[in-house]
4 protein chains.
Amino acid sequence: VASSEAQAEHRLWGGRFSGGLAPEAERLNRSLPVDYRLWPHDLRAARAWARALYRAAFLDATRLARILEGLDVVEQRLTDGAAIGAPDEDVHTLIERLLFDVVGDLAGALNTGRSRNDQVATDLRLWCRDAVAALDREVASLAWALHAKAADGIEVVLPGYTHGQRAQPVRWAYVLLAHAWPLVRDRGRLAAAAHRGEELPLGAGALAGSGVAVDRAWLCGELGFARVAPNALDVTGDRDFATDLVFAAGLIAQHVARLAAELALYASGEFGFIRLADGYATGSSLMPQKRNPDIFELARGKGARIVGDLITLLQLPRGLPAGYHKDLQEDKPALFDAVDQLLLTLPAVRGAVATLEPVPERMRAALDPLMLATDLADGLAARTVPFRDAHRMIGELVRVAATEGVPLTDVPATVAARVHPALPELLASLGSWEASVERRSTVGGSSREAVQRQLAELEQVLDGSGTGTHM
Amino acid sequence: VASSEAQAEHRLWGGRFSGGLAPEAERLNRSLPVDYRLWPHDLRAARAWARALYRAAFLDATRLARILEGLDVVEQRLTDGAAIGAPDEDVHTLIERLLFDVVGDLAGALNTGRSRNDQVATDLRLWCRDAVAALDREVASLAWALHAKAADGIEVVLPGYTHGQRAQPVRWAYVLLAHAWPLVRDRGRLAAAAHRGEELPLGAGALAGSGVAVDRAWLCGELGFARVAPNALDVTGDRDFATDLVFAAGLIAQHVARLAAELALYASGEFGFIRLADGYATGSSLMPQKRNPDIFELARGKGARIVGDLITLLQLPRGLPAGYHKDLQEDKPALFDAVDQLLLTLPAVRGAVATLEPVPERMRAALDPLMLATDLADGLAARTVPFRDAHRMIGELVRVAATEGVPLTDVPATVAARVHPALPELLASLGSWEASVERRSTVGGSSREAVQRQLAELEQVLDGSGTGTHM
Amino acid sequence: VASSEAQAEHRLWGGRFSGGLAPEAERLNRSLPVDYRLWPHDLRAARAWARALYRAAFLDATRLARILEGLDVVEQRLTDGAAIGAPDEDVHTLIERLLFDVVGDLAGALNTGRSRNDQVATDLRLWCRDAVAALDREVASLAWALHAKAADGIEVVLPGYTHGQRAQPVRWAYVLLAHAWPLVRDRGRLAAAAHRGEELPLGAGALAGSGVAVDRAWLCGELGFARVAPNALDVTGDRDFATDLVFAAGLIAQHVARLAAELALYASGEFGFIRLADGYATGSSLMPQKRNPDIFELARGKGARIVGDLITLLQLPRGLPAGYHKDLQEDKPALFDAVDQLLLTLPAVRGAVATLEPVPERMRAALDPLMLATDLADGLAARTVPFRDAHRMIGELVRVAATEGVPLTDVPATVAARVHPALPELLASLGSWEASVERRSTVGGSSREAVQRQLAELEQVLDGSGTGTHM
Amino acid sequence: VASSEAQAEHRLWGGRFSGGLAPEAERLNRSLPVDYRLWPHDLRAARAWARALYRAAFLDATRLARILEGLDVVEQRLTDGAAIGAPDEDVHTLIERLLFDVVGDLAGALNTGRSRNDQVATDLRLWCRDAVAALDREVASLAWALHAKAADGIEVVLPGYTHGQRAQPVRWAYVLLAHAWPLVRDRGRLAAAAHRGEELPLGAGALAGSGVAVDRAWLCGELGFARVAPNALDVTGDRDFATDLVFAAGLIAQHVARLAAELALYASGEFGFIRLADGYATGSSLMPQKRNPDIFELARGKGARIVGDLITLLQLPRGLPAGYHKDLQEDKPALFDAVDQLLLTLPAVRGAVATLEPVPERMRAALDPLMLATDLADGLAARTVPFRDAHRMIGELVRVAATEGVPLTDVPATVAARVHPALPELLASLGSWEASVERRSTVGGSSREAVQRQLAELEQVLDGSGTGTHM
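None of these values were measured; they are calculated from a predicted model. (Residues numbered from 1 in each chain as written. Chains lettered and ligands numbered in written order. Predicted model: local features only at pLDDT ≥ 70, side-chain atom pairs only at ≥ 80, totals over all residues. Heavy atoms only, no water.)

## Let's talk about the overall build of chain A
Here comes step 1: Looking only at helices and strands, chain A has 20 helices and six strands in total.
Here comes step 2: Taking 471 residues into account, the globule formula puts the C-alpha radius of gyration at 23 Å, and chain A, at 31 Å, lies well above it.
Here comes step 3: Considered along the principal axes of its C-alpha atoms, chain A spans approximately 100 × 55 × 40 Å.
Here comes step 4: Buried positions account for 70% of the 471 residues belonging to chain A. (Helix = DSSP H or I, 4+ residues; strand = E, 2+ residues; numbered from the N terminus. Rg over C-alpha atoms; globule rule 2.2 N^0.38 Å. Buried < 20%, exposed > 50% of the residue type's maximum accessible area, 1.4 Å probe, protein only.)

This is how it looks when you write it as structure tokens:
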């Protein structure tokens with residue numbers, strides 16, 4: 001009851017209403033348990049708005065000073081935990097109540113010409129700006145961890161897979177790098193999402209522009225936005241900037257999930273290509289021998305969750321006319337969850353990557369002579385056999401080897417020659433696995449030089465010395 | 001650090017590991033902040049398991065008694081809030097630690113033959129059983145509120161709409177009932193979801209059945225399940241029961257959202273068909289005159305969120321082999337959120353429905369003579385004009401009325417007769433709006449008798465005296 | 001142009017409009033390329049409607065006979081392909097035009113008292129009825145294929161997995177059965193979806209009931225529905241029956257995807273547990289040696305697609321008031337796609353399952369002595385060591401074995417005894433893999449008898465001789 | 001059978017297989033009915049690849065010339081419809097078969113060093129490039145239509161809405177512009193998606209780089225890509241470029257849906273703010289008077305469908321290791337559908353916008369004096385009443401007016417003065433609706449000058465003469 005009264009007394013509306021909200025309506029309506037964490041951004045916007053009102057002569061210097069000092073006190077109280085368990089409707093009401101405690105009725109002057117519609121749009125964009133910065137750091141950090149691991153894995157050869165089947169030999173470094181480049185693209189997505197979000201809502205009022213002639217260009221600079229939103233009705237009802245961010249988060253989560261899925265597979269008994277550090281493996285409550293790749297499995301699971309968040313955001317504005325509708329209040333749980341979960345996942349995966357140990361002997365043991373089949377076909381093609389025919393011939397050789405029960409590389413020369421006269425010589429010249437890998441030396445291939453070039457390019461992109469076109 | 005030590009000491013695995021989890025891995029891995037609320041269900045399953053171990057002679061009577069007494073103490077401590085801020089990995093570990101505090105090493109005996117895989121599957125199904133019951137009560141309650149409102153709204157006629165356009169006159173009761181029937185179907189969905197979920201996992205072990213010969217049929221009865229899950233690998237990796245429930249929740253949310261959308265529209269200035277009670281309307285921080293239908297808007301928004309939760313659940317098992325994977329840990333945030341949000345939304349919407357006031361004069365004012373066009377076409381059809389021709393003729397009459405600038409019902413007889421000789425008489429006999437509504441008297445129609453029949457049928461279905469085939 | 005004219009001439013509306021639709025509007029509006037396949041259901045409903053009009057005295061016997069004969073001719077023309085490339089707006093208009101070709105203006109009489117809103121709702125429910133039957137057959141057929149394969153796989157032991165890690169030995173039959181039971185539940189879902197969909201829309205008119213006093217109870221029986229929809233506004237705007245079906249399809253697809261994912265993994269070089277028949281494996285255009293499990297990969301991919309269809313359906317009615325809106329026209333592409341794709345996928349997966357060959361020697365080679373750890377812990381627990389302590393001790397034994405570089409089963413007795421005095425005896429009595437499997441003999445476990453019981457139970461459920469509670 | 005034989009003969013693999021695919025496997029596996037439309041892009045890539053092979057000395061000039069001439073013939077045959085009903089597995093096989101018809105075995109030489117994995121990735125990126133261009137044109141065209149309509153709507157004042165409730169008066173132009181700016185941002189998203197997609201896959205081989213030392217940098221320029229993909233394993237398994245595009249399509253669809261929803265509402269009888277042209281309205285098969293906004297409703301529905309497509313794409317790679325898996329074949333139906341549907345929707349909506357007529361008298365009639373409440377509160381705030389207090393006072397005034405049953409602007413001066421002494425004067429000076437609109441003159445507001453500035457800015461952005469920062 002006390003809470004309800006406190007709310008009714010300080011809520012930002014209600015002059016025309018008799019009585020307060022019904023309890024079950026209030027429970028549904030309250031957003032403070034979710035939006036309280038916007039307080040630093042709401043305070044930042046409040047200070048800028050106070051100065052803008054002063055510049056527009058709606059506040060004199062004395063009142064401005066009192067408000068700014070009051071906001072300092074409020075900030076301290078919030079830092080000390082005043083938001084926890086507070087009874088207010090939302091973060092804006094909370095801050096006004098706290099300011100009222102310090103400066104009295106003057107607190108109400110701060111709301112001149114603004115509305116919660118432009119306030120929350122501003123707060124949320126400021127929050128997204130911070131979130132992008134945090135995500136970018138963690139994504140880069142994971143990419144660096146992959147880079148470091150790859151730099152140590154140039155010499156190690158393992159099967160490369162398509163369709164989950166052994167395909168051609170590749171370097172371990174090369175596989176790790178295949179997971180780093182998507183993260184580079186993700187940083188580009190984050191930057192683009194941030195850029196598109198840098199439109200100032202403050203001064204838009206509820207839908208039609210502020211009734212006070214504040215200088216929005218000045219506000220824009222003060223709050224570090226790139227430009228003033230050109231239409232107040234649009235900007236108060238627009239949550240695309242949040243959807244952009246959660247989409248980027250969704251793709252990051254997906255890339256992390258693919259990395260995690262591949263590493264979880266390599267940690268299985270059948271592959272045995274890597275060994276997880278004890279600090280990143282977990283056990284079973286029943287089976288004492290288990291070493292489970294929970295971190296990687298959870299990373300996969302989080303991917304599903306973040307896509308769920310994205311769907312929520314994509315559905316929210318469906319069928320709504322322009323401008324603010326309360327449906328949009330549901331943007332924050334999804335947005336916050338996507339960012340929180342990703343920030344929880346990325347460091348754990350980075351740690352797991354940084355501490356895992358490859359097991360080169362298991363990788364090498366998995367190399368199957370059949371994986372040299374393409375080299376043989378390429379060899380025939382280089383002797384001007386049309387590739388399609390070469391492919392068919394080597395397919396026959398594969399069948400012959402299976403029938404004879406010998407590895408592809410041990411098919412007797414006489415038998416091979418029946419398929420094509422050049423085959424015995426080609427078989428003899430196949431050489432080592434290393435030699436096979438080196439045959440794919442074009443840009444982006446798995447040869448030593450191509451991989452080293454990749455490592456250098458990735459380093460440049462990650463430390464910002466590159467051209468940046470990858471983003 | 002202390003928390004980490006406490007965890008390491010009491011965690012349910014770890015004999016083969018050196019050191020604990022890395023901090024960022026632990027943060028990702030811990031599920032207690034989400035799954036703590038399963039403690040009543042975990043306790044219930046623990047008591048049944050203790051008895052089953054006793055029946056299988058793995059516990060003697062004394063030790064069983066000590067464990068059961070210990071679980072009573074644990075229950076009291078959890079009721080008193082012991083889960084809050086606890087440092088444990090998950091709810092199972094928490095309960096074992098608390099039990100250890102009471103009965104010492106004997107606590108460890110309770111884990112004989114069970115695994116967290118079958119435990120959590122059991123707990124979660126018990127939780128879903130409670131959730132279904134709670135949802136069913138609230139859905140029924142909203143349906144009753146619609147019934148009550150409809151019973152008061154038989155006399156009131158308003159436009160019925162298709163494509164958002166005035167179509168034919170209907171009764172206000174009839175519109176409300178159109179939103180009650182989907183809820184009836186939803187109760188059927190909830191019941192079916194519950195029924196499908198009533199498979200006992202306990203005794204499935206981690207994947208292959210328990211190593212202890214417990215009597216699962218007895219356990220099944222003890223815990224109130226309908227049948228023993230036939231395959232342990234299936235039941236430990238299956239979350240379909242949760243997906244079924246969240247799908248039902250998603251459709252409920254959608255039905256509530258459609259109701260909310262229609263009522264929000266009717267509360268607009270342009271429609272003005274209903275007036276919200278002060279306890280279910282909110283104001284604006286900027287515009288003193290506003291009365292916003294926030295409850296209905298939030299109900300729409302929650303619909304989006306719950307579909308997001310469903311998507312998370314639908315994606316989680318994608319591409320996983322049978323059996324438990326840690327990805328499944330992400331089932332709980334989505335499941336709990338869907339149920340919580342719906343339980344938050346339904347009472348508020350019910351209250352808003354129960355307290356809103358229809359504004360019959362505004363409804364009547366919106367009745368447009370054009371809405372009688374079908375009656376005229378039906379009248380021609382009854383005179384053996386093929387309906388398609390009748391439709392075309394009345395379409396012409398509509399154009400004529402528009403050209404002449406008169407209501408459809410005021411087209412001069414001579415003009416109407418040129419379209420079809422019977423039209424003047426038909427126009428003259430159209431009668432009141434009530435008369436038009438009464439013309440649609442088939443089962444499910446909007447005539448008085450058909451609506452009264454519907455009300456009676458709905459009442460029977462809701463109070464369980466009906467045949468139940470609607471579900 | 002000709003097409004546009006034909007359309008304008010025969011479209012089911014337009015008397016009040018001048019000119020036709022703009023070409024780009026017509027392109028968007030036309031649904032015939034999608035809904036043409038409803039023609040058999042539209043014809044069936046048309047015949048019933050004609051009889052109902054006759055029974056309501058809106059048609060005399062002669063006209064009824066002409067219409068019914070006309071519909072026979074129309075059916076023949078449609079069977080001969082008249083729908084292909086037809087210019088009409090939708091399937092209803094197509095059929096009216098064809099009927100007009102046969103019976104002239106009388107064709108227009110058939111539309112008395114009905115609307116495309118109740119027509120399409122009826123057609124679509126009839127279509128879903130057929131779709132459920134077809135899906136049910138295919139799902140059962142896949143379950144039978146798993147049953148048959150399992151019946152041949154009782155003797156074969158392989159590792160069971162959790163978290164993708166070897167956990168405990170299980171029977172090959174047991175793994176296959178774990179994928180059959182979800183399909184049994186799916187049949188229950190299909191049946192429930194079908195049952196909920198069996199509400200007759202016909203006679204609902206556009207929104208308010210038919211203006212013609214047809215006998216809907218008679219129509220209900222004639223068309224085989226279970227009950228008359230109780231509210232015309234509800235039933236014309238309701239697509240829950242389609243969503244129910246696509247949800248069931250989505251879960252089926254997910255279960256097939258999990259089966260496919262597990263089999264694709266087992267077909268990899270590292271596992272090598274199964275070998276696909278040539279008729280169900282594909283090659284690479286580059287690598288002559290490849291045998292790719294495309295069927296299983298496509299089955300996984302279809303799962304994603306069908307969930308996409310479900311999302312479309314779940315979003316469509318968001319925020320729509322009760323009753324028909326044209327948004328609902330988008331229900332059909334999603335519904336048809338989900339069913340079509342599943343009907344394409346199920347037979348291919350069934351064939352791949354039926355023809356694959358297990359490779360028991362590879363399965364056996366993957367059995368790792370560590371998988372006996374739980375048996376050892378259970379053994380200690382049976383000697384009254386609290387299981388948690390037993391678990392810790394065996395965890396230590398695992399570490400010792402790793403340190404010593406020996407299999408768990410070969411840890412020297414003196415070393416084992418230091419962990420617990422009973423361990424040497426337990427190690428000595430472990431016995432074969434078969435013996436380990438037999439230790440899990442509770443209902444649902446992997447022992448021979450438990451698996452045989454499962455096979456019998458599944459057979460009963462599939463052939464309908466069981467109690468059916470599984471659904 | 002013939003088709004199956006033709007397939008087997010010309011398929012791009014199979015040397016190691018006995019027999020063909022089982023019929024149901026072939027049906028699932030074939031992608032030609034979907035991917036045939038990539039033929040222009042596959043041909044373009046084929047020509048570039050032929051030249052690259054020549055430059056790498058794998059083809060001599062004569063053979064290159066024969067292949068290029070052969071591809072010209074193939075192009076002509078495809079233009080003439082050779083893809084329709086063709087029996088081949090996919091577009092690549094189709095083209096090889098057609099080329100074989102012209103140049104014989106030499107056709108097989110074209111496949112040297114390439115794989116369908118890098119081919120399809122290349123084709124699809126080229127297709128997306130065209131799709132982005134087409135979408136961008138249509139989005140711009142819709143934005144121009146809104147601009148033109150807005151330019152004609154500066155003088156017309158109507159209620160602006162938040163929460164679906166009348167809020168403050170705004171200009172009709174201003175509302176239309178609120179829907180144009182999201183489209184401007186969408187063009188930025190399309191451009192960014194396109195840019196990120198401009199990575200050359202060709203030469204990546206199946207996973208590890210081409211075995212032929214082709215000059216990928218040359219290929220990159222030849223095909224107009226921005227850069228060579230840095231890792232072949234990444235680029236062959238990456239479909240982010242398609243997901244980016246479909247995400248952009250999803251937001252475009254959402255923006256169109258919001259516009260459509262608002263216009264459909266304004267076309268209702270209750271609002272009556274606009275009148276649709278006959279060419280963009282449709283009728284009812286039952287109700288002769290109906291004028292339905294089907295175009296706008298379908299636009300809303302397409303939004304749901306395109307989000308469904310996005311979800312499909314987001315799920316496809318979930319849990320897949322790096323590199324190509326056949327799951328990815330399901331990318332094309334979703335990608336093509338999203339683009340096709342949007343290209344179907346945009347022109348129809350543009351036409352409907354361009355031809356609708358505003359009804360200024362209905363807009364003006366909806367202006368309610370209550371909408372001046374904020375102006376009064378602002379007026380008090382300008383007299384240094386803290387805004388919160390001013391808000392409360394005007395709230396009281398609203399209640400008083402309701403109690404007295406008079407419009408807000410007609411509250412007697414004596415009564416108003418009791419709320420605040422300045423109110424009578426403020427009430428007297430409120431002026432016209434135009435005057436109220438003019439009070440919100442900050443950038444982005446609804447005053448005449450602010451709107452004219454917006455129009456000019458939008459024009460600059462759309463014709464490319466602006467700074468482009470909006471994107």
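Structure's up, so let's keep going.
## A word on the nonpolar core
Here comes step 1: Among the nonpolar cores identified, the biggest contains 691 residues, and Trp172(A), Trp172(B), Trp172(C) and Trp172(D) are the most heavily contacted of them.
Here comes step 2: Leave out the neighbours within four places in its chain, and Trp172(B) touches Gly153(B), Val156(B), Leu158(B), Leu263(B), Tyr266(B), Ile274(B), Leu356(B), Pro358(B) and Met363(B). (Core = buried A, V, L, I, M, F, W, Y, C linked by side-chain atoms within 4.5 Å. Contact = heavy atoms within 4.5 Å.)

## Examining the relation of the copies chain A and chain D
Here comes step 1: Of the transformation superimposing chain A on chain D, the axial component is 0.0 Å and the angular component is 180°, with the fit at an RMSD of 0.1 Å. The operation mapping one copy onto its partner corresponds to a two-fold rotation axis. (Least-squares fit on C-alpha atoms with pLDDT ≥ 70 in both.)

## Observations concerning the relation of the copies chain D and chain C
Here comes step 1: When chain D is fitted to chain C, the residual RMSD is 0.1 Å, and the transformation amounts to a turn of 180° plus an axial shift of 0.0 Å.
Here comes step 2: The residues that chain D uses at the interface reappear at the interface of chain C in 100% of cases, marking a shared surface.

## Considerations on helix 16 (residues 387-404) of chain D
Here comes step 1: Helix length check: helix 16 of chain D (18 residues) gives 25 Å between terminal C-alpha atoms against 26 Å at 1.5 Å per residue, within 8%.
Here comes step 2: Taken residue by residue, helix 16 of chain D has Phe387(D), Arg388(D), Asp389(D), Ala390(D), His391(D), Met393(D), Ile394(D), Gly395(D), Leu397(D), Val398(D) and Ala401(D) as its buried positions.
Here comes step 3: Against helix 6 (91-103) of chain A together with helix 15 (373-382), helix 17 (413-419) and helix 18 (423-428) of chain D lie the buried residues of helix 16 of chain D.
Here comes step 4: Note on helix 16 of chain D: the residue one or two positions beyond its end, Gly405(D), has a positive phi of about 70°. (Expected span 1.5 Å × (residues − 1).)

## A closer look at the interface of chain A and chain D
Here comes step 1: On the chain D side, the residues contacting the 115 residues of chain A number 117 residues.
Here comes step 2: A combined buried area of about 9200 Å² lies between chain A and chain D, and 56% of that area is made up of carbon and sulfur atoms.
Here comes step 3: It is Arg196(A), Arg258(A) and Arg388(A) in chain A that bury the most area against chain D; as a group they hold 8% of the surface buried on that side.
Here comes step 4: The interface formed by chain A and chain D includes 10 salt bridges.
Here comes step 5: Connecting chain A to chain D are 48 residue pairs in polar contact (both at pLDDT 80 or more).
Here comes step 6: When residues in the side of chain A that touches chain D are grouped by element, the largest group, 13 residues, is from helix 8 (residues 172-197) of chain A.
Here comes step 7: Within the side of chain A that touches chain D, the residues separate by chemical class into 48 nonpolar, 39 polar and 28 charged. (Buried area = accessible area lost by both parts, 1.4 Å probe. Salt bridge = Lys/Arg side-chain N within 4 Å of Asp/Glu carboxyl O. Polar contact = N/O pair within 3.5 Å; in protein donor to acceptor, adjacent residues only side chain to side chain. Nonpolar A, V, L, I, M, F, W, Y, C, P; charged D, E, K, R; others polar.)

## Quick look at the interface of chain D and chain C
Here comes step 1: Counting from both sides, the interface comprises 60 residues of chain D and, opposite them, 60 residues of chain C.
Here comes step 2: Carbon and sulfur atoms supply 60% of the area that chain D and chain C bury against each other, a total of about 5300 Å² over both sides.
Here comes step 3: Three residues, Arg16(D), Leu28(D) and Leu298(D), lead the burial of chain D against chain C; their summed loss comes to 13% of the area buried on that side.
Here comes step 4: Where chain D packs against chain C, one counts eight salt bridges.
Here comes step 5: One salt bridge connects Lys302(C) with Glu330(D), and the closest N-O pair in it is separated by 2.6 Å.
Here comes step 6: Taken together, the links from chain D to chain C amount to 18 residue pairs in polar contact (both at pLDDT 80 or more).

## Remarks on the environment of Val443(C)
Here comes step 1: Here Val443(C) is to be found in the loop between helix 19 (433-438) and helix 20 (448-463).
Here comes step 2: Relative accessible area serves as the criterion here: at 33%, Val443(C) is assigned to the partly exposed category.
Here comes step 3: It is 8.3 Å that separates the C-alpha atoms of Val443(C) and Arg453(C), two residues lying 10 residues apart in sequence.
Here comes step 4: Not counting chain neighbours up to four residues away, the residues in contact with Val443(C) comprise Arg216(B), Val228(B) and Arg453(C).

## Some remarks on the pattern of salt bridges
All names here are of chain D.
Here comes step 1: Within this structure, the stated rule accounts for 162 salt bridges over all chains.
Here comes step 2: Of the charged contacts, one joins Asp215 and Arg55 as a salt bridge, the two residues approaching to 3.2 Å between their closest N and O atoms. Here Asp215 is found in the loop between strand 3 (199-200) and helix 9 (216-222), whereas its partner Arg55 is found in helix 4 (residues 39-55), with 160 residues between them in sequence.
Here comes step 3: Overall, the relative accessible area of 34% leaves Asp215 in the partly exposed class.
Here comes step 4: For Arg55, a relative accessible area of 45% translates into the label partly exposed.
Here comes step 5: Of the charged contacts in the structure, one is a salt bridge between Arg305 and Asp337, with a shortest N-O distance of 2.6 Å. Taken together, the positions of Arg305 in helix 12 (residues 294-315) and Asp337 in helix 13 (residues 331-355) put the pair 32 residues apart, joining distant regions of the chain.
Here comes step 6: Judged by relative accessible area, Arg305 falls into the buried class, the value being 13%.

## A look at the confidence of the model for chain A
Here comes step 1: Of all residues in chain A, 97% have pLDDT values of 70 or greater, and the mean over the chain is 94.
Here comes step 2: Interface confidence in the predicted complex, given as ipTM, is 0.95; pTM for the same model is 0.96. (pLDDT = per-residue confidence, 0-100.)

## Overview of the side chain of Lys149(A)
Residue and element names in this part refer to chain A.
Here comes step 1: Structurally, the position occupied by Lys149 is in helix 7 (residues 116-151).
Here comes step 2: One buried charged side chain, Lys149, makes no salt bridge at all; its nearest oppositely charged neighbour is Glu357, positioned 4.9 Å away.
Here comes step 3: Aside from chain neighbours lying at most four places away, what touches Lys149 is Leu176, Val353, Ala354, Thr355 and Leu356. (Lys, Arg positive; Asp, Glu negative; His and termini not counted.)

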